[in-house]
Amino acid sequence: MAAELASTRAVSRTFEPVRAPLLIPTWVIIGFFLVAPVLMMLAYSFLTKEFRGGVIWEFSLAAYDQFIFDRGLFGDEPPQIEWTYIVIFVRSIIQAGVATLLCLIIGFPTAYFIATRPRATRSMWLFLVTVPYWVNLLIRTVSMKFLIRDNGPLNEALLGLGVINEPIALINTDFAVQLGLFYSYLPFMVLPIYASVERYDFALSEAAADLYANRWTILRRVILPIVRPGIVAGCILVFVPSLGAFLAPDLLGGAKNFLIGSLIEEQFKGNAGNWPFGAAASMILLSLVLIALFIYARRQARRSAQAL
Amino acid sequence: MAEGNIAIDVRNAVKRFGAVTALAGASLTIRDNEFFTLLGPSGCGKTTLLRLIAGFEEITEGEILLYGEDIGALPPNRRPINTVFQHYALFPHMTVAENVAFGMRRLRWSKADIEDQTGRILDLVKLGDLAARRPAQLSGGQQQRVALARAMAPGPKVLLLDEPLSALDLKLRQAMRIELKQIQKETGITFVFVTHDQEEALTMSDRIAVMSAGEIRQVGTPREIYEAPVDRFVADFIGETNVLDVTVHRGPEGVWTCRLPGGAAFPCQTGRPPQDGAAAHVLIRPERLSLVSEAACENGMTGVIDQAVYLGTDIQYGVRLDGGPALLVRAQNAGESAEPFRPGDRVGLAIAPGAARLLID
Amino acid sequence: MRHRINIRRYPGFLPVTILCLVVLYAPLLVVMVYSFNDSLSITRWGGFSFRWYMDIFTGPESAKFKDAAWNSLTIALSAAVASTIIATAAAVAMVRGGAFRGKALNLALISMPIMVPEIVTAVATLVFFSAIGFTLGYLSILVAHIVFCIPFAYLPIAARLQGIDGSYEEAAQDLYASRFQAFLRVLMPLMAPGILAGFLLAFIISLDDFIITNFIKGAGIETLPTAIFGAVKQGIKPNIMALSTLMLSVSIIIVTLSYFISRYGRPGTKAEA
Ligand SMILES: Nc1ncnc2c1ncn2[C@@H]1O[C@H](COP(=O)(O)OP(=O)(O)O)[C@@H](O)[C@H]1O
Ligand SMILES: [Mg+2]
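Source: prediction; values computed, not measured. Each chain carries its own residue numbering, running from 1 in the written order of its sequence. As a convention, the first chain written is A and the first ligand written is 1, with the rest following in written order. Where totals are concerned, whole chains, interfaces and linings use all residues; where local detail is concerned, this predicted model gives features only for residues with pLDDT of at least 70, and gives and counts side-chain atom pairs only at 80 or more. Side-chain metrics in this entry use all non-hydrogen atoms of the structure; hydrogen atoms and water are not considered.

What to know about the overall build of chain B
Stage number 1. Put simply, DSSP H or I for four residues or longer makes a helix, DSSP E for two residues or longer makes a strand, and each gets a number counted from the N terminus. Helices and strands together make up the secondary structure of chain B, namely eight helices and 20 strands.
Stage number 2. Expressed as lengths along the three principal axes of its C-alpha atoms, the size of chain B is roughly 80 × 50 × 40 Å.
Stage number 3. When each of the 361 residues of chain B is scored for burial, the buried share is 49%.
Stage number 4. Residues are treated as being in contact if the distance between any of their heavy atoms lies within 4.5 Å. Contacts in chain B between residues at least 24 apart in sequence constitute 65% of all its contacts with a sequence separation of at least 6.
Stage number 5. For accessible areas, the Shrake-Rupley method is used with a probe of radius 1.4 Å. Any residue's cover is judged against the shown protein chains and nothing else. Counting only carbon and sulfur atoms, one obtains 48% of the accessible surface of chain B, whose full area is about 16400 Å².
Stage number 6. Positive residues here are Lys and Arg, negative ones are Asp and Glu, while His and the chain termini are left out of the count. In this description, the location of a charge corresponds to atom NZ of lysine, CZ of arginine, CG of aspartate or CD of glutamate. Taking the 38 positively charged and 44 negatively charged side chains of chain B as two groups, their mean positions are separated by 5 Å. Each residue is placed in one exposure class: buried if its accessible area under a 1.4 Å probe, protein chains only, is under 20% of its type's maximum, exposed if it is over 50%, and partly exposed if it falls in between.

See below:
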């Protein structure tokens, strides 16, 4: 049986001799216009800053040092822990985490519900959930801003219905940012969970019910453990872009809800920037993302190794 | 044999996929105009050998000659060999006629020639009416014929067929066996046919190569393979067989006698003379054994019927010999009235003359 | 009466799904509705009108919007074409090139534009371009867009190719087609729905991009998103809502189109034996 499968599934290698030429454009384009720039940023993060933007080619750990320590205005005071940037990073992680949680709470039931629809209507539901993702992120964020303004349609409606007496201040709060992130990346949560629930064999639910488990026990003890890879994938797909998001914090969070994205942006816009510091912040952000992806990839690899 | 008579000559072909050895030094000669079958259990390397001949895989060691010419370095599109794929691989975006014409177009035949040949070949496989259809609009049997037509159209010297009938249902499969054989006779193209179905191999082939674990165990006509298997694997794989442990003794006039541990003895055939008194295996096909009453038994093979299985045309009995092994016996079903033997009965066994073959490993 | 409990069903999941859809669509619908508001104020409803649509085509900012739209469309089109070609070649190499050392590395390279946070890509590209003296402008935007469109074009193309049985190309080669002919006459027609889906995806992604474009566009050139962002910074004006409505309609039309295309073309994948 296994041999039969192996021989019918044998991968075609028709284009093996021309593999390299076919890949060269990808190597050149991505290598030159993305790998090289990122490596350059890595290098810049270890250089000395020049005022009015730019760098001086002189090795320095100042950028990373500035990130962690406060040495006073002239750099001659005894170092103290500088909390500003750490707080920004931690706040970004928390915001991304809350947004991920929101996506999970809404996304799991949605994905489950869609996956258990009749085959004919399933793709229609899925389509409905994914369409907004294809609308320009900027437009979506602006729309959200428009909706939840102090005197926007949401508050007007609630006031009109008498649910509230005075407008709720949503805009420029942490929650607005979380809502914006949630809104931006929700489909990323729904799709992988949907894919794993769709593969789930409901005979297992029946077996569990047969063994006296109620619905919610089945969900907790059988379904959730089995579809967990989909949940983990969804969480990573939401968390990673949320971490470096720029639009939602910028448009919905206002000035006091400064996150990593805006911190990096600020270093490179205009003349006040500090390129090595921005580069260092970028590298720290990139490392966080790569660590998350790496952990995920390792888990996947281990799972597929077990499956064999 | 004259050199010109050999279509394909495989010499010590070895194919490894990383650590897996799919072919461990196979040698074969396939004659011109022959219906040649590669038979073996799945995973034994049949497809691999076929793909080496077609040029889809590169040979690791050894060589393959086509009419005396080494074709090892030629890509598949330079080999005058065509393939009927297991799942047909009909181009879904082309009509039947376009599929059939594909090879001829690549060979730059003239338009008129292509049209002629397409018509002729589609008539040959009885698909003349369906030329404008797409593969998806055809039944499995029709797709199979298109695949055959497409591969034959450019007039290859050799046609390779990888389990072409395995996706068809039983009735259609049996009809196609006869038709394929007929087409091969008519066209005179050398067919190299792969199957794991021994019945298919026996009914269609001029010669069969039995393969196992990347090696070729025996090459011969269907009769040779069935009646004179060279080893236990071939005997087991082709039809059902009883294998008994015996000692061999020289009898009078060059006749050899097998003796079972229980004392029963019977004459046997052998190609190579063994040593007197040596231990050996003997093969007896179940249909060449028959049940007799215990009293009428001459060779001392007596025992008890374990079980009787009704097979329609036949009844198969399991007989446990006294102090010895169990055997299968196949008797023709002579009707309800004539079923004298039941499980638990004591019986004797008779062996048809020449049915016991000695195997010397 | 037969009591049959469907253990697949969880009470409450339907309301959550509906809530989810409401959250997803409400902001878009509100903007759509208010884009037809015949009032200077964005708060009060002043009756239905096309006035803001007229405004974006003929109003004082119409020239700016037209330029931006032209830039957006031509960049998206060129970037989508280029990235689709590059991604198709890469997909053929990755899916039909056999196993090779560095396959995982190649895959990482192809997906790198998705993995690196956009803001990092944006500043890195900006810094790199200024270091190598690449003038910021139309061309720099185009190049950057090609880079991040590649993985989006690659995914549907590679997925489609994986679903096509390898015996089709082998059959073509067996029938005397060269490798290139086998690609052109057999593989490419079978891959077409995937290629088209990849192209449309790349097109939308390019049209959509704000962050990277905003960093590397240089002065004096705008795409629609950067123009909108610039306008929004001074407050949301009704004409921006009309423009947004137009853009989101285009996106939705394209996505709907590609949805039906991908549902339609499914031959070429053989049933599992
Ligand atoms: N491309 C391949 N890569 C690795 N192993 C292969 C490949 N093709 C075949 N094999 C292995 O070689 C052996 C023979 O396969 P195959 O020729 O397909 O057998 P058959 O056609 O007789 O069923 C099997 O063990 C199979 O798993
Ligand atoms: Mg095979």
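Here's the deal with the interface of chain A and chain C
Stage number 1. At the junction of the two partners, chain A supplies 90 residues and chain C supplies 98 residues.
Stage number 2. By convention, the term buried area covers the 1.4 Å-probe accessible surface removed from two parts as they join, with the contributions of both added. Both faces considered, chain A and chain C share a buried interface measuring about 8700 Å² in area, 78% of it formed by carbon and sulfur atoms.
Stage number 3. By the criterion of area lost to chain C, the three top residues of chain A are A:F15, A:W134 and A:R215, representing 9% of everything that side buries.
Stage number 4. Of the charged contacts, one joins A:D250 and C:K233 as a salt bridge, the two residues approaching to 2.8 Å between their closest N and O atoms.
Stage number 5. What qualifies as a polar contact is a pair of N or O atoms within 3.5 Å, subject to a donor-acceptor requirement within protein and to the restriction that residues adjacent in sequence count only when both atoms come from side chains. At the junction of chain A and chain C, the tally comes to 16 residue pairs in polar contact (both at pLDDT 80 or more).
Stage number 6. Here the side of chain A that touches chain C gets 18 residues from one element, more than from any other, and that element is helix 2 (residues 19-44) of chain A. The working definition used for a salt bridge is a side-chain nitrogen of Lys or Arg within 4 Å of a carboxyl oxygen of Asp or Glu.

A closer look at the environment of B:Y67
All names here are of chain B.
Stage number 1. The residue Y67 is located in the loop between strand 4 (61-66) and strand 5 (69-70) in this model.
Stage number 2. The spacing of Y67 and A7 is 60 residues in sequence and 4.9 Å in space, taken between C-alpha atoms.
Stage number 3. Within the structure, Y67 has its side chain in polar contact with the side chain of D32 (distance 2.6 Å).

Here's the deal with the sheet that holds strand 12 (residues 256-259) of chain B
Residue and element names in this part refer to chain B.
Stage number 1. If you walk across this open sheet you meet the five strands as 13-12-11-14-20, and the pairing is antiparallel. Each end of this open sheet is capped by a strand with a single partner; those strands are strand 13 (265-268) and strand 20 (357-359). Adjacent strand axes in the sheet meet at a mean angle of 45°, parallel and antiparallel pairs treated alike.
Stage number 2. The pairing of strand 11 (residues 242-250) with strand 14 (residues 279-284) spans six bridges and is classified as antiparallel. Opposite D245, over in strand 14, you have H281 as the bridge partner. By the convention used here, strands pair only if DSSP detects at least 2 bridges between them. Where helices are involved, their axes are fitted lines through C-alpha atoms of the stretch in contact, as for all axes, and angles between N-to-C directions lie from 0 to 180°.

Observations regarding the packing of helix 7 (residues 167-174) of chain C against helix 8 (residues 179-208) of chain C
Residue and element names in this part refer to chain C.
Stage number 1. Where helix 7 contacts helix 8, the axes come no closer than 9 Å and their chain directions differ by 140°. As summarised for this structure, helix 7 and helix 8 are arranged oblique, according to the angle between their axes. Here helix 7 and helix 8 pass one another in a crossing that is right-handed. Two secondary-structure elements touch here, helix 7 through Y168, E169, A172 and Q173 and helix 8 through R179, A182, V186, L187 and L190.
Stage number 2. Among the residues making up the contact of helix 7 with helix 8, the classes are represented as six nonpolar, one polar and two charged. The scheme is simple: roughly parallel for angles under 35 degrees, roughly antiparallel for over 145, roughly perpendicular for 65 to 115, oblique for anything else. Crossing handedness is read from the near helix: turned anticlockwise from the far helix by less than a right angle, it gives a left-handed crossing, and turned clockwise, a right-handed one. Classification used: nonpolar for Ala, Val, Leu, Ile, Met, Phe, Trp, Tyr, Cys and Pro, charged for Asp, Glu, Lys and Arg, polar for all others including Gly.

What about unusual backbone geometry?
Residues and elements named next belong to chain B.
Stage number 1. Even without glycine at this site, N12 takes up a positive phi of about 50°.
Stage number 2. Following the sequence through the fold, N12 ends up in strand 1 (residues 6-17).
Stage number 3. Despite not being glycine, Y88 shows a phi value in the positive range, around 75°.

A closer look at the pattern of salt bridges
Residue and element names in this part refer to chain B.
Stage number 1. The full count for this structure, using the stated rule, is 30 salt bridges over all chains.
Stage number 2. One salt bridge connects R51 with E57, and the closest N-O pair in it is separated by 3.1 Å. Of the two residues, R51 and E57, both sit in the buried class.

Re the pairing of strand 16 (residues 302-310) of chain B
Residues and elements named next belong to chain B.
Stage number 1. Bridging between strand 16 and strand 19 (residues 346-351) involves three bridges; their strand directions are antiparallel. The residue of strand 19 that forms the bridge with V304 is R346.
Stage number 2. The pairing of strand 16 with strand 17 (residues 314-321) spans seven bridges and is antiparallel. In the strand pairing of strand 17, G303 is matched with L321.

Some details on the confidence of the model for chain B
Stage number 1. The predictor attaches a confidence to each residue, called pLDDT, with possible values from 0 through 100. Chain-level statistics for chain B give a pLDDT mean of 88 and a share of 97% at 70 or above.
Stage number 2. Within chain B, the element-level pLDDT minimum falls on strand 20 of chain B, averaging 81, and the maximum on strand 3 (residues 35-39) of chain B, averaging 95.

Overview of the pairing of strand 1 of chain B
All names here are of chain B.
Stage number 1. Examined bridge by bridge, strand 1 and strand 2 (residues 20-31) share nine bridges and lie antiparallel to one another. Looking at the pairing, F17 lines up with V20 of strand 2.
Stage number 2. Where strand 1 meets strand 4, five bridges bridge the pair, whose relative direction is antiparallel. When the bridges of strand 4 are listed, R11 appears paired with E63.

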